[in-house]
Amino acid sequence: MEGAEVEAREGASVARDLLALGYEGFSGAPSLGPSCPDFRALCARLAAELASLGALEREGGQSAEALRAGDGPDAEEEFLRQLAGMLQELHCPDRALCGGEGAAALRDPGACLRLLSFLCSELQAARLLCLYRRLDPGPAPPCGEGAEEGAGMVQELVLTLRALGLPRPKPGTAASRLLWELHDKISELLPSLPPGFLQPLLSFPLDAPRWEALESLCQRLGDQYCCRRCLLLKRLDLTTSSFHWSDRAEAQGEAMKAVLIPIREALTPESDVSIAHVLAARADLSRLVPATSKAARQGTCCAINKVLMGNVPDRGGRPNELEAPMPSWQSRREDGGGRKAGHQNWGRKKKKK
C-alpha cells in the first residue's frame, strides 16, 4: 500500500506539472507505458516542443520530429530507440532509463512517471531560457559597470518572478519584503516536487571563512580562464586574418567580415560564471560525459575527420642524424687574396670517402 501511495503522489505531481505546461488529458499511472499510444503521443509532444525551443540539436537534413508516436506494429520499438538517443542527448541523470535496460524499465509505471517528470523539468528550463532571450530589458540603462551589473540583477529577478507566477513588485518595495515573498512561494512549491528532485551539488553549509575562500577561488579561476580565453581569441583573430591573404579573399573580403565580425564581437574574455552558479548547480551536473562519447561527438564531428592522410615525404629534422659544424682553416694565398691566415671558416666538414 505504501508503494501505491507514493506512486499516486508522483502521478498527481506529474499531472500538475503537465497541466501547468498546458498539456491536459493525462489519465495517470494505469495507462503509462511505451505500449500505450497515448503515452507515446504525450512524450512525442513534449519532445517536439523541446526541439522547437532548441533544447535538442537538430541537424540540417534531420527531421525536427524527435520522437514518433506511430501506430504500426514496430511503433513501440522505434519509439524506444529514439527515446534512448534523446535521453542521452539531454544527459538524463536517471541511469535506469538511460541504460541498456531502459526498455524493460519503462514497463514499470513508476519509471514512466520519472520519465515524464524529467521531460517536464527540461521543458520548464527550456521555456525559461527562451523567455530570457526574448526578455525586453526596457529603456537603456545608464552607462558604467555598476549599472550593467544592476540591470543584469533586475533581469534575473524578473525571470524569477515570472517563473514563480508572482506579479511585478510595486516601485519602492523593500528588498527584504520581496525576498520573503520569494521564500514563501518557493517553500509552498517544494513539497510538490518528487523526492530528491533539485538536489544541490553543494550539500553542506558554508561559514564566513569558507565563503571568503570560495570567493577567492572563484576570482583566481576567473582570472586564469580569462587569460586562457584571451589566448584563444588571439589565435582566432590570427587565423581569421590569414584568410584574407589569398587573392580570392580580396573579392570576398567584405562578405567574410560581415559573417565573422558579429560572431567575434560576441566572444569576450571575461567569464560570466559566478558563485551563484555554484549555489544553483544540481547534483546531476557532476555527471561527466566523455569527450569521445556519441552525444559529445555529435557536436564536434565534421567531414574532415573522415579524411585519411597517405604517406608523406620524410622531412628529416632528427638531431641524432645531424653533424655539428667544424671549423676549417685556410692559408693565405700568394696573390694576397682570400682570408688572412689563421681565420676560422665555420662550415660543414666534408666526409672522407
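The shown structure was predicted, so the numbers you read here are calculated from the model rather than taken from an experiment. Position labels on residues start from 1 in each chain and follow its written sequence. Per-residue local features are limited, in this predicted model, to residues with pLDDT of at least 70; the limit for side-chain atom pairs, both in listing and counting, is 80 or more; totals at the level of whole chains, interfaces and linings are taken over all residues. Computation of side-chain values: all heavy atoms of the structure, hydrogens and water removed.

(A) Main features of the overall build of the protein chain. From N to C terminus, the protein chain includes 12 helices and 2 strands. Each residue's exposure class comes from its accessible area (1.4 Å probe, protein chains only) as a fraction of the maximum for that residue type: buried when under 20%, exposed when over 50%, partly exposed otherwise. Looking at the protein chain as a whole, 21% of its 353 residues are labelled buried. A fraction of 59% describes how many contacts in the protein chain between residues 6 or more apart in sequence connect residues 24 or more apart. All accessibility values rest on the Shrake-Rupley procedure with a 1.4 Å probe; residue burial counts only the protein chains present in the view. Working note: accessible area of the protein chain is about 26,200 Å², and carbon and sulfur atoms make up 57% of it. By definition, any uninterrupted DSSP run of H or I lasting at least four residues is a helix, any uninterrupted run of E lasting at least two residues is a strand, and each is numbered from the N terminus. We call two residues in contact when some of their heavy atoms are within 4.5 Å.

(B) Structural detail: the packing of helix α2 (residues 37-52) against helix α3 (residues 75-89). Lines fitted to the C-alpha atoms define the axes, with helices restricted to the stretch that makes contact. Angles between their N-to-C directions range from 0 to 180 degrees. Between α2 and α3, the shortest axis-to-axis distance is 12 Å and the interhelical angle comes to 35 degrees. As for the relative orientation of α2 and α3, their crossing is left-handed in sense. In this structure, α2 uses Phe-39, Arg-40, Cys-43 and Ala-47 to contact α3, whose residues at the interface are Ala-75, Glu-76, Phe-79 and Met-86. Note on residue categories: nonpolar means Ala, Val, Leu, Ile, Met, Phe, Trp, Tyr, Cys or Pro, charged means Asp, Glu, Lys or Arg, and polar means any other residue, Gly included. In the contact of α2 with α3, the residues fall into 6 nonpolar, no polar and 2 charged. A clockwise turn of the near helix away from the far one marks a right-handed crossing, whereas an anticlockwise turn of less than a right angle marks a left-handed crossing.

(C) Quick peek at helix α10 (residues 248-265). Multiplying one less than the number of residues by 1.5 Å gives the expected span of a helix. Look at α10: 25 Å from first C-alpha to last across 18 residues, which is about the 26 Å you get at 1.5 Å a residue. Maximum bend of α10: about 50 degrees, positioned at Glu-254. What the bend at a residue measures is the angle between two axes, fitted to the seven residues ending there and to the seven starting there.

(D) Geometry of the pattern of salt bridges. By convention in these notes, a salt bridge is any Lys or Arg side-chain nitrogen within 4 Å of a carboxyl oxygen on Asp or Glu. This structure, assessed with the given rule, holds 4 salt bridges. The shortest N-O distance in the salt bridge between Glu-78 and Arg-81 comes to 2.5 Å. With Glu-78 and Arg-81 both in helix α3, this residue pair falls 3 residues apart, about one helical turn. In this structure Arg-81 comes out as exposed when scored by relative accessible area, which is 53%. Note that Asp-314 is salt-bridged to Arg-318, the shortest N-O span being 2.9 Å. Arg-318 gets classed as partly exposed once you look at its relative accessible area, which sits at 35%.

(E) How the structure looks around the nonpolar core. By nonpolar core we mean a set of buried residues, namely Ala, Val, Leu, Ile, Met, Phe, Trp, Tyr and Cys, connected to one another through side-chain atoms within 4.5 Å. Counting 38 residues, the largest nonpolar core has Leu-115 and Leu-119 as the members making the most contacts within it. The set of elements that each furnish at least two residues to this core consists of α1 (2-21), α2, α3, α4 (95-98) and α6 (109-134). When residues in this core are grouped by element, the largest group, 11 residues, is from α6. With near-sequence residues (within four places) excluded, Leu-115 lies in contact with Phe-39, Cys-43, Leu-83, Leu-87, Leu-97 and Leu-106.

(F) Representation of unusual backbone geometry within the structure. Phi at His-91 takes a positive value of approximately 55 degrees, unusual for a residue other than glycine. Within the secondary structure layout, His-91 lies in the loop between α3 and α4. Judged by its relative accessible area of 39%, His-91 falls in the partly exposed class.

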